[in-house]
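Fold and contact review
So you can see what is in the structure, the chains are spelled out below.
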Amino acid sequence: MKRKTPIDSWMDTLRPSSLVRRFASQIVDAAASTPVLDVACGSGRNAIVLSQLGCTVICVDKDLTKLKIEQLRLRDTLLRKASEQLSILQLDLIKDAWPFGARSVGGIVNVHFLLPALFPFFEASLSTGGYLLLETVPGCGGNHLQLPKAGALRSAFEKAFDLEFYKECKVGPPNYDAVTVKLLGKRRE
Ligand SMILES: C[S@@+](CC[C@H](N)C(=O)[O-])C[C@H]1O[C@@H](n2cnc3c(N)ncnc32)[C@H](O)[C@@H]1O
């Protein structure tokens, strides 16, 4: 197998989630001129795609180091503008108060950071017609211990969202109820 070069590793860091790639245009179009939140943005790999498509993105994370490194690395590339246009907000999503008002954001992307306590805030802050894209961590290693039970995320969101895409995959030992979830929901009226 070919050894990875530093550029290969960098491209891996930047590669957005396939779910975000698939639905990015739809999320941006629905958001119109309102900002999209990238909740627990990490390096900003998902936010940069949305920004590249012309959307205002607010990147939220308790540790913005990776995002700032990425912005530095991208300053001599075609992604400079998209990365520099990101709004950045340092926030501990467990300890700090949710700062976004009712119906104030046009979309929410929440990849590989699952915190059910945030779900009511997602519901409240998303404008009608805006999309929530949520993807749990994959089911490798001991991840099943932090993954939701089958049906739990569907139940959490189906009242307020039209789930236009919803995929669960069972993970972990046969007698353990845990699934990975990928979902795209459109906020109802
Ligand atoms: C696995 S990374 C996922 C990053 C990004 N969403 C992605 O798909 O690449 C999880 C992120 O959650 C952030 N995080 C962990 N605990 C947090 C907290 N309490 N408040 C805000 N961000 C947190 C970490 O700093 C990290 O950037």
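Look up: the structure comes first, before these words.
Description of the structure in this document. (Residues numbered from 1 in each chain as written. Predicted model: local features only at pLDDT ≥ 70, side-chain atom pairs only at ≥ 80, totals over all residues. Heavy atoms only, no water.)

Thoughts on the pattern of salt bridges
According to the stated counting rule, one finds 3 salt bridges in the structure shown. For Glu-70, the salt bridge identified is with Arg-73, shortest N-O distance 3.2 Å. With Glu-70 and Arg-73 both in helix H4 (residues 65-73) and 3 residues apart, the pair spans about one turn of that helix. Arg-73 gets classed as partly exposed once you look at its relative accessible area, which sits at 37%. The partner of Glu-84 in a salt bridge is Arg-80, and the shortest N-O contact between them spans 3.4 Å. With Glu-84 and Arg-80 both in helix H5 (residues 80-84) and 4 residues apart, the pair spans about one turn of that helix. The exposure class of Arg-80 is partly exposed, given its relative accessible area of 39%. (Salt bridge = Lys/Arg side-chain N within 4 Å of Asp/Glu carboxyl O. Helix = DSSP H or I, 4+ residues; strand = E, 2+ residues; numbered from the N terminus. Buried < 20%, exposed > 50% of the residue type's maximum accessible area, 1.4 Å probe, protein only.)

Details of the packing of aromatic side chains
Evaluation of the coordinates by the stated rule reveals 7 aromatic pairs. Between Phe-157 and Phe-161, the aromatic rings sit 5.5 Å apart at their centres with planes inclined by 85 degrees, giving edge-to-face as the arrangement. Among the residues examined, Phe-157 registers a relative accessible area of 2% and is labelled buried. Residue classification places Phe-161 among the buried residues on the basis of a relative accessible area of 1%. Taken together, the aromatic side chains of Trp-98, Phe-100, Phe-119, Phe-121, Phe-122, Phe-157 and Phe-161 make up a single cluster linked through ring pairs. Its guanidinium or amino end placed over the ring of Tyr-166, Arg-154 lies 4.2 Å from that ring's centre, counting from NZ or CZ. (Phe/Tyr/Trp six-rings, centres within 6.5 Å; stacked < 30°, edge-to-face > 60°. Lys NZ or Arg CZ within 6 Å of the ring centre and 35° of its normal.)

Some details on the environment of Gly-107
Within the element layout of this structure, Gly-107 appears in strand S4 (residues 105-111). Residues Gly-107 and Thr-34 lie 73 residues apart in sequence; the distance between their C-alpha atoms is 8.0 Å. If sequence neighbours within four positions are ignored, Gly-107 has contacts with Pro-35, Val-36, Leu-37, Leu-126 and Tyr-131. (Contact = heavy atoms within 4.5 Å.)

Some details on the site of the ligand
Neighbouring the ligand are 14 residues, the closest being Ala-40, Arg-45, Asp-61, Leu-93 and Val-111. The backbone of Leu-93 places a nitrogen or oxygen atom 2.8 Å from a nitrogen atom of the ligand. In this structure, a nitrogen atom belonging to the ligand sits 2.8 Å away from a main-chain N or O atom of Val-111. Out of a free accessible area of 590 Å², the ligand has 79% covered by protein chains. (Near = heavy atom within 4 Å. Polar contact = N/O pair within 3.5 Å; in protein donor to acceptor, adjacent residues only side chain to side chain. Areas by Shrake-Rupley, 256 points an atom, 1.4 Å probe, with all protein chains shown as cover.)

Things to note about the pairing of S4
Counting buried residues along S4, 7 of its 7 residues qualify, which places the element largely inside the surrounding structure. Summarising the sheet, S4 and strand S5 (residues 126-135) pair through 6 bridges and their orientation is parallel. Its bridge partner being in S5, Val-111 is matched across the sheet by Glu-135. (Pairing = 2+ DSSP bridges.)

Considering the sheet that holds strand S7 (residues 179-187)
Overall, mixed pairing links the 7 strands, which are arranged S3-S2-S1-S4-S5-S7-S6 in an open sheet. A strand with exactly one partner marks an edge of an open sheet, and here the two such strands are strand S3 (87-90) and strand S6 (161-170). Across the sheet, the mean angle from the axis of one strand to that of its neighbour is 15 degrees, orientation sign disregarded. Across the sheet, helix H2 (residues 18-31) lies against strand S1 (36-39), S4, S5, S6 and S7, angled at about 170 degrees from S5, the strand it touches most. (Axes fitted to C-alpha atoms, helices over the stretch in contact; angles between N-to-C directions.)

Side note on the nonpolar core
Formed by 28 residues in total, the largest nonpolar core has its most connected members in Ile-27, Leu-50, Val-109 and Leu-133. Of all the secondary structure elements, the ones that give two or more residues to this core are helix H1 (6-14), H2, helix H3 (45-52), strand S2 (57-61), S4 and S5. In contact with Leu-133, not counting residues within four places along its chain, are Leu-19, Val-20, Phe-23, Ile-27, Ile-108, Val-109, Asn-110, Val-111, Leu-183 and Leu-184. (Core = buried A, V, L, I, M, F, W, Y, C linked by side-chain atoms within 4.5 Å.)

Topic: the environment of Val-179
Of note, Val-179 is situated in strand S7. When the C-alpha positions of Val-179 and Glu-158 are compared, they lie 17 Å apart, and in sequence the two are 21 residues distant. Contact partners of Val-179, with chain neighbours within four places excluded, come to Leu-147, Pro-148, Lys-149, Ala-150, Glu-168, Cys-169, Lys-170 and Val-171.

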